[in-house]
Amino acid sequence: MSIPLRNTASRYGLISQLFHWLIVGLIMAQYFWAWRIDNVEGFRARLELVTQHKTIGMVVLALAVLRLLWRLINQPPPLPAAMVRWERWAAKTGHALLYGLIFAIPLSGWLYSSAAGLGDFWWGPVSFPSLVESSELLEDRFGVLHRALGLALAAVAGLHTLAALRHHFMLKDSVLKRMLPIWPKNEP
Amino acid sequence: MAEKRTLNRVGFSDAIGATIFAALLVATWWPLAAVAADECYRADGDSGELNFRGEAEGTPFSGFFDDFEVRLCTVDGGLAGAAIEVRVATGSVTVGNRQGDEALRGSDLLAVEQFPEATWVSESVEAGGDGYQAEGRLRLREVSADQAVNLRLEQDGDAWWLSGDAEILRLEFNVGTGEFDDPEFIRNRVDLRFDLELEPENAG
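Described below are features of the structure shown in this document. (Residues numbered from 1 in each chain as written. Chains lettered and ligands numbered in written order. Predicted model: local features only at pLDDT ≥ 70, side-chain atom pairs only at ≥ 80, totals over all residues. Heavy atoms only, no water.)

Describing a nonpolar patch on the surface
And step 1. Residues V65, L66, L68, L69, L72 and I73 of chain A make up a contiguous nonpolar surface patch of roughly 540 Å² in combined accessible area.
And step 2. Summarising the element assignment, L66 of chain A is placed in helix 2 (residues 43-73). (Patch = residues over 30% accessible without salt bridge, like charges linked within 9 Å, V, L, I, M, F, W, Y side chains within 5 Å. Areas by Shrake-Rupley, 256 points an atom, 1.4 Å probe, with all protein chains shown as cover. Salt bridge = Lys/Arg side-chain N within 4 Å of Asp/Glu carboxyl O. Helix = DSSP H or I, 4+ residues; strand = E, 2+ residues; numbered from the N terminus.)

Have a look at this one:
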């Protein structure tokens, strides 16, 4: 069983699937890291977790850029013809929100870190500049924004997952399966 | 003081700052001797900067002390042998982020509530290098130890500026207990730098 690199008319290719599931995994890890940051004791442990959380977030941002570029040169398979207008609108709006949040959350975190005066702390040899001057007022505001965007992503991703499950179990179409690394032998 | 506002990160060198100030004052005396003999000069947080740099998890950080006083009295009109006293309010330290400031002022690092002041008192000031080398005693967290300070003096118009640097080993002064006593986490060496405009004590 081999999965083509590029998308086909009915399924997502290997590269699109890798981008999708890698970003999903990293974002889920980010929620776990955020919970650990809120509950850990000790300055050192917290600094290390925050540094890791920030670095993973920048990896997500980089993957989001690459994924968007790949989507521009490799169009996704069309939605099933049986989908009605509101379903198509919901699907497109949901995908647009997901893409927007995947960009907005790392950027808000970068601003949050910069305002908190922790802009220099990154995991590994990579370093990123501080986007704003250190300011407790901005730190508080970007912190609220970062958390609110995180909650928004959880809500939209939850709806996205429910929609995929609805397609699979209720409508019994291929919307979910076409993003899974399962390629039927009789399908090109 | 605008430059100070750009600094950030954790710092541990209050006492070092005081030492530096004192050393700077000594160095300043050399040109000042042409003006007056056996005079005293002063500088503080409004007329100078006391900055420091360190490393946390291998990442550089910087900070400064806002509240400090330096008093330098020359002997026989020269900087060599001058007497220098520096006082630093440890609670005035900042590294530009609230988590770092809380940790730095907390009981494991500078413990500013128990030890609100660090001092440096010169014991000798001699010409050396491109300026002067001052030896003295730094008292930080009630621990007293020898601390050397390098001093330089420059004239800018009518003003005399003392600058200099020192390397403080924070763990010698118990600045770093608990999770902060690991030099792999917070580097032991803290680099202090200062830049002070000296004013005659009787200037008004």
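Focus: the pattern of salt bridges
And step 1. Here the structure, examined in full by the defined rule, presents 18 salt bridges over all chains.
And step 2. In this structure, D140 of chain A and R98 of chain B form a salt bridge, with 3.0 Å as the shortest nitrogen-oxygen distance. Of this pair, D140 of chain A sits in helix 4 (residues 136-170) while R98 of chain B sits in helix 3 (residues 98-105), on two different chains.
And step 3. The exposure class assigned to R98 of chain B is partly exposed, which follows from its relative accessible area of 24%.
And step 4. Between R42 of chain B and D44 of chain B there is a salt bridge, with the nearest N and O atoms lying 3.3 Å from each other.
And step 5. Under the relative-accessibility criterion, R42 of chain B is labelled partly exposed at 28%.
And step 6. According to the relative accessible area criterion, D44 of chain B is buried, its value standing at 15%. (Buried < 20%, exposed > 50% of the residue type's maximum accessible area, 1.4 Å probe, protein only.)

Thoughts on unusual backbone geometry
Residues and elements named next belong to chain B.
And step 1. Positive phi is not limited to glycine here, since E57 has a value of about 55°.
And step 2. When you line up the elements, E57 lands in the loop between strand 2 (48-56) and strand 3 (59-65).
And step 3. Judged by relative accessible area, which is 30%, E57 ranks as partly exposed.
And step 4. At R141, a residue that is not glycine, the phi angle is positive and equals roughly 55°.
And step 5. Summarising the element assignment, R141 is placed in the loop between strand 8 (131-140) and strand 9 (143-156).

Focus: the state of the cysteines
Residue and element names in this part refer to chain B.
And step 1. Within this structure, the stated rule accounts for 1 disulfide over all chains.
And step 2. Note that C40 is cross-linked by a disulfide to C73, the S-S spacing being 1.9 Å. Because the torsion about its S-S bond is 110°, the bridge between C40 and C73 counts as right-handed. Highlighted residues: C40 in strand 1 (residues 40-44) and C73 in strand 4 (residues 68-75), separated in sequence by 33 residues. Across the pair, exposure class does not vary: C40 and C73 are buried alike. (Disulfide = S-S within 2.5 Å.)

Some details on the pairing of strand 9 of chain B
Residues and elements named next belong to chain B.
And step 1. With 9 bridges connecting them, strand 8 and strand 9 associate as antiparallel partners. Bridge pairing links L138 to A145 in strand 9.
And step 2. Linking strand 8 back to strand 9 in an antiparallel pair, the connection comprises 2 residues, with R141 at a positive phi of about 55°.
And step 3. Note: strand 9 against strand 10 (residues 159-169), 7 bridges, orientation antiparallel. Bridging from a neighbouring strand, E154 pairs with W161 of strand 10.
And step 4. Between the end of strand 9 and the start of strand 10, which pair antiparallel, lie 2 residues, with G157 showing a positive phi angle near 70°. (Pairing = 2+ DSSP bridges.)

Details of the nonpolar core
And step 1. Core analysis: the biggest nonpolar cluster contains 53 residues, and F52, L110 and F173 of chain B have the highest contact counts within it.
And step 2. Formed by 14 residues, the second largest nonpolar core is a distinct cluster that contains L63, W70, L101 and V156 of chain A. (Core = buried A, V, L, I, M, F, W, Y, C linked by side-chain atoms within 4.5 Å.)

Things to note about the packing of aromatic side chains
And step 1. Considering all chains together, one arrives at 8 aromatic pairs over all chains under this definition.
And step 2. Their ring planes at 45° and their centres at 5.6 Å tell us that F43 of chain A and F180 of chain B sit as a pair that is tilted. Of this pair, F43 of chain A sits in helix 2 while F180 of chain B sits in the loop between strand 10 and strand 11 (189-200), each in a different chain.
And step 3. Here W122 of chain A and F128 of chain A contribute two aromatic rings whose centre-to-centre distance is 4.8 Å and whose plane-to-plane angle is 70°, an arrangement assigned as edge-to-face.
And step 4. F128 of chain A sits in the partly exposed class, given a relative accessible area of 24%.
And step 5. A cation sits over an aromatic face here: R36 of chain A above W33 of chain A, 4.8 Å from the ring centre. (Phe/Tyr/Trp six-rings, centres within 6.5 Å; stacked < 30°, edge-to-face > 60°. Lys NZ or Arg CZ within 6 Å of the ring centre and 35° of its normal.)

Focus: the interface of chain B and chain A
And step 1. Tallying the contact residues gives 18 residues for chain B and 17 residues for chain A.
And step 2. For the chain B and chain A pair, buried surface summed over both sides reaches about 1,500 Å², with 46% attributable to carbon and sulfur atoms.
And step 3. Summed over the shared surface of chain B and chain A, the result is 5 salt bridges.
And step 4. For R98 of chain B, the salt bridge goes to E136 of chain A, with nearest N and O atoms at 3.8 Å.
And step 5. Run the count over chain B and chain A and you get 7 residue pairs in polar contact (both at pLDDT 80 or more).
And step 6. Taken together, the elements giving at least two residues each to the side of chain B that touches chain A come down to strand 3 and helix 3 of chain B.
And step 7. Tallied by class, the residues present in the side of chain B that touches chain A amount to 6 nonpolar, 6 polar and 6 charged. (Contact = heavy atoms within 4.5 Å. Buried area = accessible area lost by both parts, 1.4 Å probe. Polar contact = N/O pair within 3.5 Å; in protein donor to acceptor, adjacent residues only side chain to side chain. Nonpolar A, V, L, I, M, F, W, Y, C, P; charged D, E, K, R; others polar.)

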